[in-house]
Amino acid sequence: MLTILGFCMILTFLVLVITKRLSVVVAFIFTAIAFGLIGGFASEMGDMMVAGILKVTPTAVMIVFAILYFGLMIDVGLFEPMIAKILSFVKGDPLKVVMATAIITILVGLDGDGSSTFMITVSAMLPLYIKLGMNRLVLACVVGLAAGVMNMIPWGGPLVRAAASLQVEVSELFIPLIPVMICGLLWTLFSAYVLGKKERERLGVGSLETNMQPGMGEQAAAVETAPQGTSRLFWFNWFLTILLMVLLVMEVLPIQILFASAFAIALFVNFPNPKEQQERILSHANSFVMICTLIFAAGIFTGVFTETKMMDSMAASIVTVIPEWLGAHLPLVVALTSIPMGFIFSPDAYYFGILPIISETASNFGIAPVEIGRAALLGHSTAGFPLSPLVPATFILIGLVGVDFGDHQKFLFKWAFGTTIIMTIAAITFGVITL
């Protein structure tokens with residue numbers, strides 16, 4: 001009975017989300033309440049929901065302070081001098097332009113918001129591509145690759161979803177993935193080099209004063225006169241950011257406390273006036289309110305789903321049909337299948353609807369939930385993110401660049417799949433997931 005009820009609960013949630021009948025937050029809460037009542041858990045449902053919320057609260061706290069910290073660093077112009085220097089270096093060389101695209105996307109991607117990463121990077125680089133007559137699909141491809149890997153940072157959407165749905169610590173998922181992410185970024189830079197070299201062979205090294213297409217003068221001038229950085233405390237902010245990253249990797253304190261402390265220091269030093277501090281916090285409120293609302297709603301859903309033992313019952317049923325030889329390799333299976341899953345399920349549907357069942361099933365074969373979470377991120381986060389028609393940010397990217405979605409998918413797929421393969425090999429090599 002619990003198995004049937006669990007499958008019906010997941011199916012209902014997926015249908016509501018995929019068909020867009022309800023927003024994800026409302027679907028989480030309504031589905032949890034409905035199936036808690038149907039299952040006869042009315043008297044216990046409140047405690048179940050609170051238990052679920054408490055388990056995801058550390059994740060929500062980390063998200064708030066991480067978004068605030070990197071938002072503040074962008075506000076004070078921490079990355080502007082570096083971006084301006086990169087843009088002045090590329091001149092009219094298509095290879096340098098493509099490499100610069102990857103590097104700028106990586107830097108801007110530190111804020112954890114895919115949409116803003118696309119908007120900032122494309123706005124900076126598109127005029128150069130147009131002036132030099134470069135293929136815009138290359139721009140969309142390289143930005144998508146770099147943003148896909150940066151999408152794995154703990155204040156980004158996928159890792160937060162995985163941590164909340166599997167009810168594991170963010171640091172357990174992220175810290176072991178750091179060397180894997182580095183491999184993914186190296187692959188991105190390699191891909192950018194190959195694509196840039198092809199563009200250089202096709203176009204030659206031009207000049208930003210030539211190849212100007214009609215109507216592009218103002219845009220190009222805007223890029224070439226990009227601000228040189230407005231931070232009054234540039235080196236202090238760089239030192240604080242690097243120190244934060246080092247302490248995060250060393251796990252000196254919980255990740256939530258590290259980000260909260262770093263944000264408080266940065267806000268006080270850069271904006272001593274209390275009124276200005278309040279303005280800086282409010283300016284980024286939309287970013288963290290939306291995702292935190294999603295996390296708490298997911299906590300309500302997973303609280304009911306887990307505490308009623310529906311998940312355990314479903315996993316026990318699935319285990320009976322999975323061959324023993326395949327069960328031991330579930331992390332690898334999850335990593336390689338998470339890309340096609342991205343075309344079928346939205347990130348919310350995949351991480352909150354599918355992943356918990358896979359994880360519980362894997363636990364019957366002695367595989368920890370955190371390992372399944374890492375495996376899912378290797379494909380769904382990195383390659384699925386810039387390719388999936390179910391990710392709204394993808395359409396922001398192709399809209400800004402001005403390319404057809406089908407052409408974008410065909411051009412990007414082999415490079416994105418290469419990201420997953422490289423990172424999966426790295427994950428196995430570093431022992432992040434078991435083979």
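What comes next concerns the included structure. Note that this is a predicted model, so its numbers are computed, not measured.

Tallying secondary structure elements over the chain gives 23 helices and zero strands in all. Pairs at least 24 apart in sequence give 81% of the contacts found in the chain among residues at least 6 apart.

Time to look at helix 10 (residues 178-203). When the terminal C-alpha atoms of helix 10 are compared, their 37 Å separation across 26 residues agrees well with the 38 Å that a helix rising 1.5 Å per residue should span. When helix 10 is considered as a whole, its buried residues turn out to be Val 180, Met 181, Gly 184, Leu 185, Trp 187, Thr 188, Ser 191, Ala 192, Leu 195, Gly 196 and Glu 199. Close packing links the buried residues of helix 10 with helix 5 (94-108), helix 7 (136-150), helix 9 (170-174), helix 20 (369-381) and helix 23 (405-429). Just past helix 10, the residue Gly 204 takes up positive phi, approximately 80 degrees.

Once that is clear, we can look at the packing of aromatic side chains. Geometry of an aromatic ring pair is reported as the spacing of the ring centres plus the angle between the planes. The tally for this structure, following the rule as stated, stands at 11 aromatic pairs. Ring plane angle 55 degrees and centroid distance 5.3 Å describe the contact between Phe 28 and Phe 301, whose orientation is recorded as tilted. Taken together, the positions of Phe 28 in helix 2 (residues 24-38) and Phe 301 in helix 15 (residues 285-307) put the pair 273 residues apart, joining distant regions of the chain. In terms of burial, Phe 28 and Phe 301 fall into one category: buried. Residues Phe 65 and Phe 263 carry aromatic rings whose centres are separated by 6.3 Å and whose planes lie at 50 degrees to one another, so their mutual orientation is tilted. Placement of Phe 65 in helix 3 (residues 42-75) and of Phe 263 in helix 13 (residues 255-270) is noted, with a sequence separation of 198 residues between them. Members of the aromatic cluster, connected to one another through ring pairs, are Phe 13, Phe 28, Phe 301, Phe 305 and Phe 352.

On the surface, Ile 242, Val 246, Met 250, Val 252, Leu 253 and Ile 257 cluster together into a nonpolar patch covering about 540 Å² of accessible area. The element best represented in the nonpolar patch is helix 12 (residues 234-250), accounting for three residues. Relative to the elements of secondary structure, Val 252 occurs in the loop between helix 12 and helix 13.

Our focus in this paragraph is the side chain of Thr 101. Tracing the chain through its elements places Thr 101 in helix 5. Within the structure, the side chain of Thr 101 is placed 2.8 Å from the backbone oxygen of Val 97, a separation counted as a polar contact. With sequence-adjacent residues up to four places away left out, Thr 101 is seen in contact with Thr 121, Met 125, Tyr 129, Leu 139, Val 142 and Val 143.

To continue, consider the nonpolar core. Core analysis: the biggest nonpolar cluster contains 148 residues, and Tyr 69, Met 125 and Phe 259 have the highest contact counts within it. Leaving out residues up to four positions away in the same chain, Tyr 69 has contacts with Asn 237, Leu 240, Thr 241, Leu 244, Phe 259, Ala 262, Phe 263 and Ala 266.

Rules used throughout
- Residue indices follow the written sequence of each chain, beginning from 1 at its first position.
- Local features in this predicted model are restricted to residues whose pLDDT is 70 or higher, and side-chain atom pairs enter the listing and the counts only when it is 80 or higher, whereas totals over whole chains, interfaces and linings include all residues.
- The side-chain values count all of the structure's non-hydrogen atoms but skip hydrogen atoms and water molecules.
- Segments assigned H or I by DSSP are reported as helices when at least four residues long, segments assigned E as strands when at least two residues long, and all are numbered from the N terminus.
- It only takes one pair of heavy atoms within 4.5 Å for two residues to be counted as in contact.
- What a helix is expected to span follows from its residue count: subtract one and scale by 1.5 Å.
- Each residue is assigned to one of three classes by its accessible area relative to the maximum for its type, calculated with a 1.4 Å probe on protein chains only: buried under 20%, partly exposed between the two thresholds, exposed over 50%.
- Only Phe, Tyr and Trp rings are paired, with Trp represented by its six-membered ring, and only when their centres lie within 6.5 Å; those with planes under 30 degrees apart are stacked, over 60 edge-to-face, the remainder tilted.
- Exposure above 30% relative accessible area and no salt bridge define the residues that can form patches, which grow by joining like charges within 9 Å and nonpolar side chains of Val, Leu, Ile, Met, Phe, Trp and Tyr within 5 Å.
- A 1.4 Å probe and the Shrake-Rupley method give the accessible areas. Residues count as covered only by the protein chains that appear here.
- Here a salt bridge means any side-chain nitrogen of Lys or Arg lying within 4 Å of a carboxyl oxygen belonging to Asp or Glu.
- Polar contacts here mean pairs of N or O atoms no more than 3.5 Å apart (in protein, one a potential hydrogen donor and the other a potential acceptor; neighbouring residues in sequence count only if both atoms are side-chain atoms).
- Residue types Ala, Val, Leu, Ile, Met, Phe, Trp, Tyr and Cys, when buried and joined through side-chain atoms within 4.5 Å, form a set referred to as a nonpolar core.

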